[in-house]
Structure formats: C-alpha cells, structure tokens
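Each chain, written out:
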Number of protein chains: 2
Amino acid sequence: MKNSQLYKGSLNTIIMKLLEENGRMYGYEITQKVKLITKGELNITEGALYPALHKLEADGLLDVEVEKVDNRMRKYYKLTESGEKETVNRLNELEEFIKNMQSLVSPSPNPDLQF
Amino acid sequence: MKNSQLYKGSLNTIIMKLLEENGRMYGYEITQKVKLITKGELNITEGALYPALHKLEADGLLDVEVEKVDNRMRKYYKLTESGEKETVNRLNELEEFIKNMQSLVSPSPNPDLQF
DNA sequence: CAAATATACATAATTTTCTTATGCATAATA
DNA sequence: TATTATGCATAAGAAAATTATGTATATTTG
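These numbers were taken from a predicted model, which means no experiment stands behind them. In this convention, every chain numbers its residues from 1, walking through the sequence in written order. Starting at A for chains and at 1 for ligands, labels are handed out in the order in which the entities are written. Whole-chain, interface and lining totals are the exception, using all residues; otherwise, since this is a predicted model, local features are given only for residues with pLDDT of at least 70 and side-chain atom pairs are given and counted only at 80 or more. Excluded from the side-chain calculation are hydrogens and water; included are all heavy atoms of the structure.

K.L.:
Tell me about the sheet that holds strand 2 (residues 62-69) of chain B, and name the residues and values.
P.N.:
Residue and element names in this part refer to chain B. Two strands qualify as a pair provided DSSP detects at least 2 bridges between them. Helix numbering and strand numbering both begin at the N terminus, where a helix is a DSSP run of H or I of at least 4 residues and a strand a DSSP run of E of at least 2. If you walk across this open sheet you meet the three strands as 1-3-2, and the pairing is antiparallel. Looking at which strands have only one partner, the edges of the open sheet turn out to be strand 1 (25-26) and strand 2. Here helix 3 (residues 46-58) sits on the sheet and contacts strand 2 and strand 3 (72-79); the angle it forms with strand 2, its principal contact strand, is near 125 degrees. The contact criterion used throughout is that any non-hydrogen atoms of two residues lie within 4.5 Å. To define axes, lines are fitted to C-alpha atoms, for helices over the stretch in contact only, and angles between the resulting N-to-C directions are given on a 0 to 180 degree scale.

Quick look at the structure:
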C-alpha cells in the first residue's frame, strides 16, 4: 500500500481501528480517510483493501451491508462483536510493536560503552 | 519473525539500525540483541534473517567479513557507505511510519461526535 | 460535448517477505 | 550422553502486498 514496506502487515489493524471509531465505513471511504489522516503519505490500494475486507468478513470480524447511494453501490462494513474484541487485541499489539521499534531505534545508552 | 504480522517489512530497518549503532555484528548476535532489547518479544528467525542479510549484501548496503572464533564460523556484517546513507532514509521512513500509525490509532477527537 | 477525473467495487498474476522445516557443524551444559 | 546453545544455510509454502486490469456511474474540465 506504500513504497515503504513498513506498512506491510498493518492494514487489518488500520481497518479495524477506523471501523471501531466510525461505526461503519465503505471501502473507498476508508482509503480516503487514511489518505487524509496521513496527509497523503499512506495510500491504500484497492488490490490490498478489498481482499483484506473480504477476509476480515470471512473470518467473522466484519459484517457487511450493501446500499445504493446516488445510483452507485456501496458496501458498508462494521465490526462484529467478535471483531470488536479482536480490535482491542490488535491495538494492544500495535502499541507493543511501536514501543519495541522505538526501543530498537532510540536505544538507551549502551552500558558496554561506559568505561 | 513474530506472531504479530506488524513486524513484516521492518526487519531490514532493524538490521541496518543495529549495524549503524554497533559497527559490525554477526547474524546470531543480531537475533540475540533484538531479543534482549525487546525483552523477548521479537524473535528473529534464521529463515528470515539470513536471506535478508544476503539480500542487503547483494544490494551493496552491507559488507561481510568471515572470521573463525572458538573454532566456529562467524560472518560479520557492516554497513557500506551506501548502506549508511540508506540507513538514514530508512530511519526517517520509520519515524514517519510510527507517526502515521499513531495518528491513525490515537486520532484527535472526532468533531462529528460533538453535539 | 467529449474527455478526464472521481467514485465504487472486484480479481488475477506476480512479487516480497516471512514461517516452518530441515540440514550441517562445534561447544557447553545437564 | 543427550540436550541446549552457538552459528550458518536453504527450500517449500503461506501471507500480504503490488501491479495491472476490468466494470460501471457521476462529475468536472477543456
């Protein structure tokens, strides 16, 4: 979804967090929201997004409702109960991940270097 | 390298940062260092590490020196000049990535919810 | 008014990255 | 002496993304 590979693996967490926050969203809306929040830095591609949404739905984490708005189809997704619980886990994992990455890149001074 | 897929895509950055910091390291040493820094949370598998090191070397970002210590082989890696430059880029990308993820998961309060 | 852009979904082929499993070899520990 | 630790390596497969298409309607722009 981006030239920097760092975002690999974070798409599901992003989707679930946005749905937790906004109640229900449709695919295109998610891409635009992410673009907005990241100031254009993260552009989720359709090839990544739609398969991800389908998988989350297949896994029972999302429910879908199809609606026609302005003569165009929209598939609104929202978290299931199971999805809400899982979102909590994913966000905790993300927090741990960020902490770990920060430990790795901004390490506390190395005792080995003291003499 | 971990059950949480969030780490996908971050291995190269981790390797390069550790090498920037420590001058030179060998593969096994990297796995142990990461385990230590992340308090056991992140265990880099050999199946991920060694191919990654080989690719970084092939891309001209790392140099390798083979040594025998205690009758066991060690392959010490260090950043090339090009690798040092690239490390700066990767670390900037990581910083941006973390900021973006934090924006996504700890958003400023949603005006829509105010009434 | 025609062409381009935006909105909205979908999937198939390929690539990248990682997991899992395996293999070889030496040293240290239980 | 068997297991664990140290140290490297690769192959098969899975997971997640990129890239490239495809369909369709609405809106904007030249």
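K.L.:
Give me the lowdown on the sheet that holds strand 3 (residues 72-79) of chain A, citing residues and values where you can.
P.N.:
Residues and elements named next belong to chain A. Taken together, the three strands give an open sheet; going across it, the order is 1-3-2, and neighbouring strands pair in antiparallel fashion. The strands lining the two open edges of the sheet, one partner per strand, are strand 1 (25-26) and strand 2 (62-69). Taken together, the eight bridges between strand 2 and strand 3 define a ladder with antiparallel strand orientation. Following the sheet pairing, Glu 65 is matched in strand 3 by Tyr 76. Its contacts with the sheet place helix 3 (residues 46-58) against strand 2 and strand 3, and it is angled at close to 125 degrees to strand 2.

K.L.:
For the interface of chain B and chain A, give the residues involved together with the corresponding values.
P.N.:
With 34 residues of chain B at the contact, the number on the chain A side is 31 residues. The junction of chain B with chain A conceals about 3,100 Å² of combined surface from both sides, 66% of it contributed by carbon and sulfur atoms. As used here, buried area is the combined drop in accessible area, with a 1.4 Å probe, of two parts when they are placed together. Three residues stand out in chain B for area buried against chain A, namely Leu 6, Phe 97 and Leu 104 of chain B, and they jointly supply 23% of the buried area on that side. What makes a salt bridge here is a side-chain nitrogen of Lys or Arg within 4 Å of a carboxyl oxygen of Asp or Glu, nothing more. If you look at where chain B meets chain A, you find zero salt bridges. Nitrogen and oxygen atoms within 3.5 Å of one another constitute a polar contact, given that in protein one can donate a hydrogen and the other can accept it, and given that sequence-neighbouring residues count only through two side-chain atoms. At the junction of chain B with chain A, the criterion picks out seven residue pairs in polar contact (both at pLDDT 80 or more). Of all the secondary structure elements, the ones that give two or more residues to the side of chain B that touches chain A are helix 1 (11-22), helix 2 (27-37) and helix 4 (81-105) of chain B. With 13 residues, the top contributor of residues to the side of chain B that touches chain A is helix 4 of chain B.

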